[in-house]
Amino acid sequence: MSSPSKRREMDLMKLMMSDYKVEMINDGMQEFYVYFDGPNESPYHGGVWKVRVELPDAYPYKSPSIGFVNKIYHPNVDEMSGSVCLDVINQTWSPMFDLVNVFEVFLPQLLLYPNPSDPLNGEAAALLMRDRASYEQRVKEYCEKYAKAEDVGAAPEEKSSDDEEMSEDEYDSSDEQVAGKADP
């Protein structure tokens, strides 16, 4: 590889040409979303997550930053921020890995084999250790509530349908207020 930026471009192109939907955040190639399906044979099956990926300047020598945008119930994912506690990504990353590995190996392994002894979500970890059936039921509830394919596009700001319920009069009046302000 001639440079980290060439490698970043190659890895991103490889990811875009795979089966994953990739949505760029800005004009650069350092921040983007990837739509990730929950693995088969897991309580996450059927869920779709929008995962934010940030590539550091030193990528591939430094690991990407990975975070779930829509909520997921998992011991190794912070429920509020969506940040992932993933050893392979955060500590044992190697330039041999690429972005496709993150979505084909690392994240599926994380969801299939949670590590309750190193939690970011203590409640999920405790429930998993205490009552696996209840944990799996809670995972499925979160999938149904936060990870439906048709809803995942609304996840970044967690917009509710309230925005859509404004009447045309409300939209018109707010437009007039903004347009009506003149410079002194």
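The protein chain is annotated in an unreviewed UniProt entry as E2 ubiquitin-conjugating enzyme from Arachis hypogaea. In the Function (unreviewed entry) part of its UniProt record, the protein chain is described as follows: "Accepts the ubiquitin from the E1 complex and catalyzes its covalent attachment to other proteins." The UniProt entry for the protein chain carries the following comment under Sequence similarities (unreviewed entry): "Belongs to the ubiquitin-conjugating enzyme family."

S.K.: What's the story with the environment of Ser5 in this structure? I'm lost.
M.R.: Residue position: Ser5 is located in helix H1 (residues 4-17). Taking C-alpha positions, Ser5 is 8.6 Å from Ala58, a pair spaced 53 residues apart along the chain.

S.K.: Just to check I follow, could you spell out the pattern of salt bridges for this structure?
M.R.: Where charged atoms from two side chains of opposite charge come close, those side chains can pair. For the coordinates displayed, the defined rule picks out eight salt bridges. The salt bridge involving Glu23 is made with Lys50; its shortest N-O contact spans 3.5 Å. Of this pair, Glu23 sits in strand S1 (residues 21-24) while Lys50 sits in strand S3 (residues 48-54), and the two are 27 residues apart along the sequence. Using a relative accessible area of 3% as the deciding quantity, one classes Lys50 as buried. Close ionic contact of Arg132 with Glu136 constitutes a salt bridge, the shortest N to O distance being 3.2 Å. In this pair, Arg132 and Glu136 both sit in helix H5 (residues 132-146), four residues apart, roughly one turn of the helix. Sharing partners across several salt bridges, the network here consists of Glu31, Arg52 and Glu54.

S.K.: What's the story with the packing of H1 against helix H3 (residues 99-112) in this structure? I'm lost.
M.R.: Packed helix pairs are characterised by how far apart their axes lie and by the angle those axes make with each other. Contact pair H1 / H3: the axes reach a minimum separation of 7 Å and the direction vectors enclose 45 degrees. It follows from the interaxial angle that H1 and H3 lie oblique. Together, Asp11, Leu12, Lys14 and Leu15 of H1 and Leu99, Val100 and Phe103 of H3 make up the contact between the two elements. In the contact of H1 with H3, the residues fall into five nonpolar, no polar and two charged.

S.K.: Mind showing me how you'd approach the packing of aromatic side chains here?
M.R.: For the structure shown, the criterion picks out eleven aromatic pairs. For the ring pair Tyr44 and Trp49, a centre distance of 6.0 Å and an interplane angle of 65 degrees mean the geometry is edge-to-face. As far as the burial class goes, Tyr44 and Trp49 line up, both buried. Ring pairs connect the aromatic residues Tyr59, Trp93, Phe97 and Phe106, which therefore count as one cluster.

S.K.: Explain the packing of helix H4 (residues 122-130) against H5 here, please?
M.R.: Put simply, H4 and H5 touch, their axes get as near as 5 Å, and they point 135 degrees apart. By the angle between their directions, the pair H4 and H5 is classed as oblique. Within the contact between the two elements, H4 uses Glu123, Ala124, Leu127, Leu128 and Arg130 and H5 uses Arg132, Ser134, Tyr135 and Arg138. For the contact of H4 with H5, the per-class residue count stands at four nonpolar, one polar and four charged.

S.K.: Would you mind going over the UniProt feature "active site" (unreviewed entry) in the protein chain with me for this structure?
M.R.: The positions UniProt marks with the feature "active site" (unreviewed entry) are Cys85. Mapped onto the fold, Cys85 is located in the loop between strand S4 (65-68) and helix H2 (87-90). Setting aside chain neighbours within four positions, we find Cys85 in contact with Asn76, Asn90, Leu110, Asp118 and Leu120.

S.K.: Teacher, can you tell me more about the nonpolar core here?
M.R.: The nonpolar side chains of a soluble globular protein tend to be buried, and buried together. Grouped together as the largest cluster of nonpolar side chains are 37 residues, with contacts concentrated most on Leu15, Phe32, Val51, Val53, Phe68, Phe103 and Leu107. Elements that contribute at least two residues to this core include exactly H1, strand S2 (31-37), S3, S4, H3, H4 and H5. A total of eight residues in this core trace back to one element, the largest contributor, which is H3.

S.K.: What exactly am I supposed to notice about the sheet that holds S4 here?
M.R.: Hydrogen bonding along the main chain pairs the strands of a sheet, whether they run parallel or antiparallel. Pairing within the open sheet is antiparallel, and its four strands lie in the order S1-S2-S3-S4. The open sheet has two edge strands with one neighbour each: S1 and S4. Each adjacent strand pair in this sheet contributes to an overall mean axis angle of 25 degrees, direction not counted. Relative to S4, S3 runs antiparallel, the two sharing four bridges. Looking at S4, one finds that Arg52 is bridged to Gly67. Those strands touched by H1 are S1 and S2, and its axis lies near 130 degrees from that of S1. Against the sheet, H3 touches S2, S3 and S4, its axis set at about 50 degrees to S2.

The rules we used
- Residues numbered from 1 in each chain as written.
- Predicted model: local features only at pLDDT ≥ 70, side-chain atom pairs only at ≥ 80, totals over all residues.
- Heavy atoms only, no water.
- UniProt positions renumbered as here; feature names shortened; annotations may be inferred.
- Helix = DSSP H or I, 4+ residues; strand = E, 2+ residues; numbered from the N terminus.
- Salt bridge = Lys/Arg side-chain N within 4 Å of Asp/Glu carboxyl O.
- Buried < 20%, exposed > 50% of the residue type's maximum accessible area, 1.4 Å probe, protein only.
- Axes fitted to C-alpha atoms, helices over the stretch in contact; angles between N-to-C directions.
- Parallel < 35°, antiparallel > 145°, perpendicular 65-115°, else oblique.
- Contact = heavy atoms within 4.5 Å.
- Nonpolar A, V, L, I, M, F, W, Y, C, P; charged D, E, K, R; others polar.
- Phe/Tyr/Trp six-rings, centres within 6.5 Å; stacked < 30°, edge-to-face > 60°.
- Core = buried A, V, L, I, M, F, W, Y, C linked by side-chain atoms within 4.5 Å.
- Pairing = 2+ DSSP bridges.

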